[in-house]
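Chain by chain, the residues:
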Amino acid sequence: MRYVLVLGCFPALVFAQSAQSVIQAKCLTCHGSLRTSELDLRVLQTILKGGKRGPAVVPGNAEASLLYKAVKREGELQMPPGKTPLTPSEVTVLRDWINAGARWESASSATAASWWSFRKPVKPPPAAVKNAGWVRNPIDAFILAKIEQNGLRPAPEADRRTLVRRACFDLHGLPPTPEQVEEFVNDASTNAYEKLIERLLASPRYGERWGRYWLDLVRYADTSGFETDHFFVTAWRYRDYVIGSFNADKPYTTFVQEQIAADELWSTNMDLEGTLKLPKEKAESVNRRIGTSLFTLGSFPIEFTYYGDQFRAEWQADAVDTVGAAFLGLTVACARCHDHKFDPISQRDYYRMTALFAGSAEREIPLVSLFDVQTNTRNFPLLAQAQILKQMAGRGGRGRGARAAAAEDGDAPPPPRAAAPDPQRAALLQRLGEAYLRAPERYPTANVLAHEEVAPDTHILLRGDFKKKGEKVEPGYLSALNPGPPIDEPQGVLFVPQRRKALALWLTSPDQPLLGRVMVNRIWQGHFGEGIVKTPNDFGRQGEAPTHPELLDWLAVEFAERGWSLKQMHRLIMLSNTYRSSSVAGPESLQKDPQNLYLSRMNRRRLDGDALRDTILAVAGTLNLKMGGVGVIPPLTREEILAARMPQLWPANPDPAEHNRRSIYLQMKRSLTLPMLQIFDAPDTATSCPRRESSTVAPQALALMNGESAVAQAAQFASRIKKQAGESPEASVEAGWRLAFGRPPTAAERQTALDFLQRNSLERLCLLLFNMSEFIYVD
C-alpha cells in the first residue's frame, strides 16, 4: 500500500508558526530592536533584506540561506553566540520553513487562532514513501517519509526477546516472566505479537503503570506538603479511581469530564430503590465523583486557611493551573499576575477560568446508601466504649477520678503512669483490644468537590495578590481557543452553579484543538521516551515545535474517531514498524541524527524509580500484587528516618507483606519522599510533572550496590534461584539471567558468572545482576 502526501497551506502554516516561535525566542534579543549587524528578524521584509552580510534567507533554499548556515554552526558564523546552540529540532524547524518558501505571518494575521496548536487538527493523508513495504500502518508512513527525506534508513526489527521485554515495561512497568518470554518466542502463529499486546492490555498491571503517569501529571500526593504536611485521608481513592479508569479503557473525554464535573454531569441522590443495596447506576455515579478529588489534592500550607480569601484564591489558581497543564498542555499559570508574555492568554482570561471554580468546595461524602449511613449509628455504643477504654489506658489504667479531671483541666499534675507490666493496665489493654475488634469500621467516604451555598464573586487580582482586588469578572474560557458553550446564570437569586459542567463540556468539545493533541503526545512519549512535542506541558510559543506535525494531527483525529480509547492508541502505536524497530544505531544514523529526532531507531530508556523498585521486587520473587487501598508506609532505615520532620508520623505498616506492594501504592508524603524513589528522580508533587527526569548521580549506584533494600532483595533473589536450580552453579547462572533479563546468558557471560561464583556468594551475583545496565535499561 502506498500513501500520498497532499502538500498545501497546512504544513507551510505550521512551518511558519514554528519558525517564528524559534526566531522570537532565540534571535530577537540581538536581531530585534537592537538590529545587531544591521539585521532585523522581526518581519519578513527585513529578513529578506538582511544585514551587513546580505539576505538572511533565500526562500525555498535553506542551504543557501545565511540564517540556516549560522544556526547549523558549520562555518565561521555561529549563532546564537556563546556555547548554547539551537537544539537540532529548532534547526530543523528553520530549515523546513525556508525550504517551504519562508512563509511569514504578519503581526495582524498572527492572531491567537493562527498558532498551530490552537487550530483544530485536520487529518492529513499519510506521506508517499519509497520503501512502501516497510509500512504496516499510517504511523510508519509519516515516520518513514522523514527518515527518507533526511537520507536515513530505518533500523531492522528488534528480536522477539527484546520486543516482549519492551512491551511489558511499556504497558506494565514490570519485566516479563521467563514463561511469558518463552511463550512469545515460541509462538509460531502469524499474530503472535498482536496476541501479546492484547494480553498485556487486558492485565490490571496496565492501569497501574499508566495510572502512574497520570498521577505524576496531576501532582498526586497523600499529604499537603510544607511544614504541617497534613494528610488527605481519602486521597488513595482518587489513585484507585485513576487505575480503574485506565484498566476499563474509559473514553478519555469521559475521564476528563468526571474529574472536572462528575457531580454536575451525573448527579444522584443516595436513596435506595426497592433493594438493600445501592442501585448500580447510583453506585457508578458516586464512583464518578471520586474523579473530582483531583482538586482536593493540591500542595497548600495550612496557613492559607487563616484567611478565607487567600485560601480560595490559591485553591482556584491551583485548579486552573492543573487544568491548563494536564488537559490543555498550556502554561496558563503565567497569566496569574499579568498577561502571558508569549501565548495569547490574558490575565482577564485567567481569572474568568478561576471563576469557573468559584462556588465549589471540598466535601466528604459517603460512598454508601443513605440507609447505610443512618444504620451505622447503631454502632455508637461500641465505638464509645472503645474510646473510653482508650482514655483510661492513657491515664495508666485508672478511671477518671477528681484528681485526674483536675489534672486534665490544668489544675493539678496527673498521677504517675502505671508501669507496663502492671496487671490492671494489662487487663485494660486486653479489654481495649477486644472492644476495638468489636467496634465496626465507619462506612467508606471520599473527599470530592461539592457546592457552597453562595458562589462568591471573582475579581482580577492585581499581581496575583488576594488583597488587591481589581475588576470583577464572570466565568469564561480561554478566548484564544474555541468559544465554548454559553454560561447563563440567573441574577439576584441563589442558585446551584453548573460552571464546572460548562468547563467539562468546553474541554471535551469536538472543536477543542488541544485535548486530543496533548493526550496522544503523552501516549507517544510513554512509548518512545519523548513526545512528538518534546515539551508535553507547553504547546504554546515557548514550547518546542513538533518534530512530525502531520503525524501529531493525524493521531489526534484518529484518537477521536476511535472513541477516545487509549488502548486502541496503544495498539496502533505498538503494532507499527516504528515501534518494533531495534534500538541499535548504525554509524549513518549516529552521524546524521544523533538525537534520533526522526526515529530511524527505537530510543533506549532507563527505568524510572517506580519501575526499577518494582522490577527488583518482581525478579526477587517478593512483589505483592495486591491492588488498591490506603497508601502503604514502608520501613525506613535509621539514617533515612532522620530526614523526617516528625518521625512519629511515619509508622511502618505492621504487615511485612505490605512493604513489597507496587510503588504506586506506597504513601506519597510531600515532605518525605521514599529515598529509593527520590534518588531515581521521583517527581516534585507540588506541580504537574509531565515527564520524569533521568539523572545519573553517585547515590544511585550506592543505593543499588550497598542499600539495605537492594541487599535484602538480592538475598531473596538468590533463594528463588536455589529453589529452581538447587546447588548447581551452571543452573543458577542460567536461572538468574532468565529471571533478570528474559534470556539465557551468552557463553562469555556464563563463564564470567561462574568465575565470580567461585569467589563470591550467589547473593553477591544477584546483587551484581541488579546493577547491570541491561537490568535498568530497556532497549
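Reading the values: the criteria
- Residues numbered from 1 in each chain as written.
- Predicted model: local features only at pLDDT ≥ 70, side-chain atom pairs only at ≥ 80, totals over all residues.
- Heavy atoms only, no water.
- Helix = DSSP H or I, 4+ residues; strand = E, 2+ residues; numbered from the N terminus.
- Rg over C-alpha atoms; globule rule 2.2 N^0.38 Å.
- Buried < 20%, exposed > 50% of the residue type's maximum accessible area, 1.4 Å probe, protein only.
- Contact = heavy atoms within 4.5 Å.
- Areas by Shrake-Rupley, 256 points an atom, 1.4 Å probe, with all protein chains shown as cover.
- Lys, Arg positive; Asp, Glu negative; His and termini not counted.
- Charge placed at Lys NZ, Arg CZ, Asp CG, Glu CD.
- 1 Å grid on protein atoms, 1.4 Å probe; cavity = no way out; pocket = protein on both sides within 12 Å on 5 of 7 lines; lining within 4 Å.
- Points joined across faces, edges and corners; volume = space filled by probe spheres on them.
- Nonpolar A, V, L, I, M, F, W, Y, C, P; charged D, E, K, R; others polar.
- Salt bridge = Lys/Arg side-chain N within 4 Å of Asp/Glu carboxyl O.
- Axes fitted to C-alpha atoms, helices over the stretch in contact; angles between N-to-C directions.
- Parallel < 35°, antiparallel > 145°, perpendicular 65-115°, else oblique.
- Left-handed = near helix turned anticlockwise from the far one by under 90°.
- Expected span 1.5 Å × (residues − 1).
- Arc of directions from axis to C-beta.
- Core = buried A, V, L, I, M, F, W, Y, C linked by side-chain atoms within 4.5 Å.
- Patch = residues over 30% accessible without salt bridge, like charges linked within 9 Å, V, L, I, M, F, W, Y side chains within 5 Å.
- Polar contact = N/O pair within 3.5 Å; in protein donor to acceptor, adjacent residues only side chain to side chain.
- Disulfide = S-S within 2.5 Å.

Draft legend 1. The arrangement of the overall build of the protein in detail. For the protein, the helix and strand inventory stands at 34 helices and six strands. Its C-alpha atoms give the protein a radius of gyration of 30 Å, near enough to 28 Å, the size a compact globule of 779 residues would have. A principal-axis box enclosing the C-alpha atoms of the protein has dimensions of 100 × 85 × 55 Å. Out of the 779 residues in the protein, the part that is buried amounts to 53%. In the protein, once contacts between residues fewer than 6 apart in sequence are set aside, the share between residues at least 24 apart is 71%. For the protein, the exposed area adds up to about 35400 Å²; of that, 55% sits on carbon and sulfur atoms. Computed over 94 positive and 87 negative side-chain charges, the inter-centroid distance for the protein is 1 Å.

Draft legend 2. A look at empty space enclosed by the protein. Under the counting rule described, the total for this entry stands at four cavities of 30 Å³ or more. Taken as a whole, the largest cavity spans an internal volume of roughly 130 Å³. Residue lining of the largest cavity: 14 residues in total, with Val93, Asp96, Lys146, Pro546 and Thr547 positioned closest to the centre. Taken together, the elements giving at least two residues each to the lining of the largest cavity come down to helix H1 (9–26) and helix H5 (88–99). With four residues, H5 is the single largest residue contributor to the lining of the largest cavity. Class assignment of the residues belonging to the lining of the largest cavity gives a composition of eight nonpolar, four polar and two charged. Estimated volume of the second largest cavity: approximately 90 Å³. If you trace the second largest cavity, you find 13 residues lining it, with Trp524, Glu530, Gly531, Lys534 and Leu599 closest to the centre. Here the lining of the second largest cavity is built from residues that sort into five nonpolar, six polar and two charged.

Draft legend 3. How the structure looks around the pattern of salt bridges. Taken as a whole and assessed by the stated rule, the structure comprises 56 salt bridges. The partner of glutamate 364 in a salt bridge is arginine 442, with the nearest N and O atoms 3.4 Å apart. In this pair, glutamate 364 sits in strand S1 (residues 360–366) while arginine 442 sits in the loop between helix H19 (423–438) and strand S2 (445–451), placing the two residues 78 residues apart along the sequence.

Draft legend 4. How the structure looks around the packing of helix H32 (residues 747–759) against helix H33 (residues 762–770). Across the interface, H32 lies against H33 with an axial gap of 8 Å and an inter-helix angle of 135°. Regarding the angle of H32 to H33, the classification is oblique. Crossing geometry of H32 relative to H33 is assigned as right-handed. In contact with Ala753, Phe756 and Leu757 of H32, H33 contributes Leu762, Arg764, Leu765 and Leu768. Looking at the contact of H32 with H33 residue by residue, the classes come out as six nonpolar, no polar and one charged.

Draft legend 5. Quick peek at helix H17 (residues 380–394). Its 15 residues give H17 an end-to-end C-alpha distance of 21 Å, which sits within 8% of 21 Å, the value for a rise of 1.5 Å per residue. Listed in full, the buried residues belonging to H17 are Ala386, Leu389, Met392 and Ala393. What you see down the axis of H17 is that its buried residues fit within an arc of 120°, all on one side. On its buried face, H17 sits against H19.

Draft legend 6. Expanded view of the nonpolar core. Within the largest apolar cluster, 126 residues are counted, with the highest numbers of intra-cluster contacts made by Trp214, Tyr238, Tyr252, Ile260, Phe327, Trp524 and Leu555. With nine residues, helix H14 (residues 308–328) is the single largest residue contributor to this core. Excluding its chain neighbours within four sequence positions, the residues that come into contact with leucine 555 are Ile139, Val520, Trp524, Ile532, Met569 and Leu572. Membership of the second largest hydrophobic core comes to 35 residues, among which are Ile616, Ala710, Trp737 and Leu757.

Draft legend 7. Broad picture of the layout of surface pockets. Approximately 990 Å³ is the volume found for the largest pocket. The wall of the largest pocket is formed by 44 residues, among which Gln525, Gly529, Arg605, Arg606 and Arg691 lie closest to the centre. Taken together, the elements giving at least two residues each to the lining of the largest pocket come down to helix H7 (160–172), helix H10 (204–217), helix H21 (515–528), strand S5 (605–606) and strand S6 (777–778). Broken down by element, the lining of the largest pocket gets its largest block of residues, seven residues, from H10. Taken together, the residues that form the lining of the largest pocket break down as 18 nonpolar, ten polar and 16 charged. Considering only enclosed or pocket space, the second largest pocket measures out at about 670 Å³ in volume.

Draft legend 8. The side chain of glutamine 525, seen in detail. Position of glutamine 525 relative to the elements: it lies in helix H21. By relative accessible area, which is 10% here, glutamine 525 ends up buried.

Draft legend 9. Region of interest: unusual backbone geometry. Residue proline 80 is reached from methionine 79 by a cis peptide bond, and omega for that bond is -5°. Relative to the helices and strands, proline 80 is located in the loop between helix H4 (66–72) and H5. For serine 37, which is not glycine, the phi dihedral falls at a positive 55°. Its place among the elements puts serine 37 in the loop between helix H2 (28–31) and helix H3 (44–49). Of the residues examined, serine 37 reaches a relative accessible area of 30% and is grouped as partly exposed. Backbone geometry at arginine 219 places phi at a positive 50°, although glycine is not the residue there. Locating arginine 219 in the fold gives a position in the loop between H10 and helix H11 (235–247).

Draft legend 10. Summary view of a nonpolar patch on the surface. The grouping of Phe231, Val233 and Leu649 at the surface amounts to a nonpolar patch, some 250 Å² of accessible area in total. In this fold, phenylalanine 231 is placed in the loop between H10 and H11.

Draft legend 11. View of the side chain of aspartate 263. Here aspartate 263 is to be found in helix H12 (residues 252–265). Within polar-contact distance, the side chain of aspartate 263 engages the side chain of arginine 500 at 2.8 Å. In this view, aspartate 263 contacts Arg289, Thr292, Leu449, Ala450, His451 and Arg500; residues no more than four positions away in its chain are not counted.

Draft legend 12. Region of the structure containing the state of the cysteines. Counting across every chain of the model gives zero disulfides. For the unlinked cysteine cysteine 337, the closest cysteine sulfur is that of cysteine 334, found at 9.6 Å.

Draft legend 13. Region of the structure containing the environment of proline 546. Following the sequence through the fold, proline 546 ends up in the loop between H21 and helix H22 (549–561). Here proline 546 falls in the buried class, since its relative accessible area comes to 6%. The spatial distance from the C-alpha of proline 546 to the C-alpha of arginine 562 is 23 Å, given a sequence separation of 16 residues. In contact with proline 546, not counting residues within four places along its chain, are Ser18, Trp116, Ile532, Val533 and Leu552.

Draft legend 14. Focus on H19. If you check H19, its first and last C-alpha atoms are 23 Å apart, about what 16 residues at 1.5 Å a residue would give, namely 22 Å. Turning to H19, its buried residues number three or more, namely Arg425, Leu428, Leu432 and Ala435. Seen end-on, H19 carries its buried residues on one side only, within an arc spanning 80°. Exposed residues pointing more than 90 degrees away from the buried face of H19 are listed as Pro423, Gln430 and Leu437. Close packing links the buried residues of H19 with H17.

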